[in-house]
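Architecture at a glance
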Amino acid sequence: MAMNKYMHPRNVYKDPPNFNKLATTYPEFAGVSRMDVTGKISIDFKDPHSLRILTACLLKSDFNLCVSIPEDRLVPTLPLRLNYILWLEDLLDFIGRMDSICGIDIGTGACAIYPLLAARKNEWHMIGTETDDESLKKAKENVENNKLQNLISLSKNTTKFTLKYLFTEEKQQYDFCMCNPPFYVNIQEVWESRSPARPPPKNGFTGSPQELITEGGELQFCRQMIEESKKLKDNILIFTTMVGHKYNLKEIVMDLKAEGIMHCTTEFCQGRVTRWGVAWTYQNYDFTKLAPLYDKTRKKNNLITFEVPKIPDQKYTIDRITEKLKLLLEGLKIENKMISKRRNEVCLDMIAFTNTWSNQRRKRRLMKRIDDEVKKAKLSVPEPSNNDSTENNDKLKESKIDTRGNVIEVLIAEPQNTELSQSNQQSERDSADTSISSSEQSSNKSVMQKDKSLHICGHNPLSHAIIKVHCKGDIFLISMEYLNGTAGKEGLHQILQFIKNNWK
Ligand SMILES: C[S@@+](CC[C@H](N)C(=O)[O-])C[C@H]1O[C@@H](n2cnc3c(N)ncnc32)[C@H](O)[C@@H]1O
C-alpha cells in the first residue's frame, strides 16, 4: 500500500516530484529517466544509480544543496529523512524552542543528510558524528561544498559510545539528538528482515555493511543510547532515534515505560516503507499532549486471539507452543515461515493455498468415493488410440475438490504435449491440493483442468496472515492478524477453529 498520504503533513514530497521538470532542468536526470507513450517520465527505482541521481537532483532543486552520494554508500531517501526533520520541528515547537537550535546527528553518513537539511532549511546548528572514516571524509566534502561549515561540524567517534564521549563539560547543552542507526545484526538479517507478507519495496537496495549492520542491531544501539541518556539528562533536552523494525520499537517503548521515562513515538511513511521515530526526555515536557499527525488510526484491527488451554502434564513455553502450532499448520499444508523470535514472542508468516481445514471428514469420504469410481472407470474404459484421444479424453472425467472446497470436474488424458502437461502438473503442485496429489502421482497421468479457477486460486492465497505466539504472565496466546486471501477473515477464523479443535 502506498503510504504517501501518511507522510508528515508538511512534507513537500506528499505530492510526487515533477519528473518532467527535473528531466528538463538536470541533464543527468534526463539520462536515467524514460518517457512512456503518454509522455510521463519515470525512472527505474530498483537501480541504485538512478536513485542516486534522483536524490541529488531533488536536493539541488528543493533545498539548493549540492550533494555527492558515493556509489558504495547508502542513498538517503529524501522524503523519509524530511519526515524526521519535520517531526523534530514539531517537538521543538511543542517545548517552545525556536531560536539558536543545536542538535546532534549520531551516525551522519557520507551525505551528512540530516545536518545539511537541518542547516539549510532551518539554520539549526548541527554536530554530525561518524565512526566510518570514508563516510566522514565524504560528509566533510559535502558540508564544505555547500559552505555550511558555520552551522555544521563533523566529529569522528572512536569510542563504543553513541553520545557520552561528546560531553566533556557539564554545561554543554543541545536541544535534541537524532539518529538513524544501522538496523541489522548481520547480513542474513538484512535479507530476511522484510516480512514475506509485505510487497517488496519499490526502491533498490543500497548501503555498505557499516551503514546497515551493528553488533546487536538497532535494538542494542538504541538501548545504548537510552542508557547513556540517563547520564545526560540535562545536556540534551529531547533524545530521539529512528527505528527500522516495529518489533524493536515495541521493545524500546517497553524499556522506556519500565524506566518511567516520558516518551512518544511517530511513524515515518514513504511509499511502501514505514519507519518509526521515538523521542524521550527527562525534562518536564508532557509528550502525551502532543497533537497526533493524523486524525484517525490507520489500521483496522484484524487480530483474532486464542488462549492456549492448559493441559495437565504439559508445561508450555513459547518454543513448545510454536513447535506444536507449526506441526498443525504443516499437517494442513499451510506454508509458514518464522519472521521474528524474541524473548516472549514468536511471529510466523503463514500462507494457505488450499482449504484443508474445513469439512475434513466429508472431504475424505468424498475423495474415497471418487477414487473408487475412477478405479472402476479405468477398468471399463478402453485404451485411447492415437486418433480418438480427444473423444476418449472427454469421457475420462475426474472430480476434484478445489481450493474453496467445491467439487470441480477435470479431464484425465495421456501425456501428449509434454510441455503443457508439465506446466499443468506444476500448477497442480502450486495449488497444493494434497488430498488428491498422491493418487495423481501414482497414476502417471497428466491432469488438464477444465476449471481454470483452480490454477488461479493456486497463486492467489486463500488465507495469508501473521501468527503471533506470545504470553501474558502464565497465559499463552496465539494471535492471528489477517492480511489478505480469497477466504477472507472467515477463512482465518476457520483455521483458528481447526487449531483449537486439534490442540491436544
Ligand atoms: C544507517 S547509516 C545512517 C546514515 C545517515 N544518517 C542517513 O540517515 O542516511 C548509520 C551510520 O551510523 C554510523 N555509525 C555506526 N555506529 C556509530 C556510532 N557509535 N557513532 C557514530 N556513528 C556510528 C555508520 O557508520 C553509518 O554511517
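Quantities reported herein were computed from a predicted structural model and do not represent experimental measurements.

Section: the pairing of strand β7 (residues 236–243)
Among the 8 residues in β7, 8 count as buried, and that is most of the element. As judged from the 3 bridges shared by strand β6 (residues 174–179) and β7, these two strands associate in the parallel manner. Paired with Cys177 across the two strands is Phe239, which belongs to β7.

Section: the UniProt feature "binding site: S-adenosyl-L-methionine" (unreviewed entry) in the protein chain
The UniProt record marks Arg81, Gly107, Glu130 and Asn180 with the feature "binding site: S-adenosyl-L-methionine" (unreviewed entry), using the residue numbering of this structure. Within the secondary structure, Gly107 is located in the loop between β3 (102–106) and α5 (113–122). Dropping the residues within four chain positions of it, Gly107 is found in contact with Thr129 and Glu130. When you line up the elements, Asn180 lands in the loop between β6 and α7 (187–192). Those residues in contact with Asn180 that sit more than four places away from it in its chain are Arg81, Ile106, Tyr114 and Met242.

Side note on the site of the ligand
In the vicinity of the ligand lie 20 residues, with Arg81, Gly107, Glu130, Asn157 and Asn180 positioned nearest. In the environment of the ligand, a nitrogen atom lies 3.0 Å from a nitrogen or oxygen atom belonging to the side chain of Asn157. Protein burial of the ligand: of its 600 Å² of free accessible surface, 93% is covered by the chains.

Focus: the pattern of salt bridges
For the structure on display, the rule yields 15 salt bridges. In this structure, Arg73 and Asp72 form a salt bridge, with 3.5 Å as the shortest nitrogen-oxygen distance. A residue is classified by how much of its surface remains accessible, and Arg73, at 6% relative accessible area, is buried. With relative accessibility at 47%, the residue Asp72 sits in the partly exposed group. The network of salt bridges with common partners includes Arg10, Glu89, Asp90 and Lys121.

A look at the confidence of the model for the protein chain
On average, residues of the protein chain score 79 in pLDDT, and 75% of them are at 70 or above. Low pLDDT, under 50, characterises residues 381–458; the predicted model gives this stretch 107 contacts beyond four residues in sequence or across chains. At the level of chain-chain contacts, confidence expressed as ipTM amounts to 0.99, with global pTM at 0.65.

Focus: the pairing of β6
Burial within β6 is extensive, with 6 of its 6 residues counted as buried. Pairing geometry for β3 and β6, over 4 bridges, is parallel. Bridge assignment links Gly103 to a residue of β6, and that residue is Phe176.

Some remarks on the sheet that holds strand β10 (residues 303–307)
Read across the open sheet, the 5 strands follow the order β10-β17-β16-β12-β11; overall the sheet is antiparallel. Of all strands in the sheet, those with a lone pairing partner are β10 and β11 (335–342), marking the two edges. Across the sheet, the axes of successive neighbouring strands diverge by a mean angle of 20 degrees, strand direction being ignored. Sheet topology places strand β12 (residues 345–352) next to strand β16 (residues 463–472); 8 bridges connect them, and they run antiparallel. Pairing of Glu345 across the sheet is with His470, part of β16. On the sheet, helix α17 (residues 488–501) packs against β10, β12, β16 and β17 (475–484) and is oriented at approximately 155 degrees with respect to β17.

Some points on helix α10 (residues 246–258)
Compared with an ideal rise of 1.5 Å per residue, which puts 13 residues at 18 Å, α10 spans 18 Å between its outermost C-alpha atoms and is within 8% of the ideal. Within α10, the full set of buried residues consists of Tyr247, Asn248, Leu249, Glu251, Ile252, Val253 and Leu256.

Considerations on the nonpolar core
For soluble globular proteins, nonpolar side chains are generally found buried alongside one another. Of all hydrophobic cores here, the largest spans 63 residues; its most connected members are Phe29, Trp124, Ile152, Phe176 and Ile238. Beyond its immediate chain neighbours, meaning those up to four positions away, Phe29 contacts Phe19, Leu22, Ala23, Ile41, Ile43, Ile53, Leu54 and Cys57. Residues Leu325, Leu348, Ile499 and Trp503 belong to the second largest nonpolar core, which totals 30 residues.

What counts, and where the lines are drawn
Residues numbered from 1 in each chain as written. Predicted model: local features only at pLDDT ≥ 70, side-chain atom pairs only at ≥ 80, totals over all residues. Heavy atoms only, no water. Buried < 20%, exposed > 50% of the residue type's maximum accessible area, 1.4 Å probe, protein only. Helix = DSSP H or I, 4+ residues; strand = E, 2+ residues; numbered from the N terminus. Pairing = 2+ DSSP bridges. UniProt positions renumbered as here; feature names shortened; annotations may be inferred. Contact = heavy atoms within 4.5 Å. Near = heavy atom within 4 Å. Polar contact = N/O pair within 3.5 Å; in protein donor to acceptor, adjacent residues only side chain to side chain. Areas by Shrake-Rupley, 256 points an atom, 1.4 Å probe, with all protein chains shown as cover. Salt bridge = Lys/Arg side-chain N within 4 Å of Asp/Glu carboxyl O. pLDDT = per-residue confidence, 0-100. Axes fitted to C-alpha atoms, helices over the stretch in contact; angles between N-to-C directions. Expected span 1.5 Å × (residues − 1). Core = buried A, V, L, I, M, F, W, Y, C linked by side-chain atoms within 4.5 Å.

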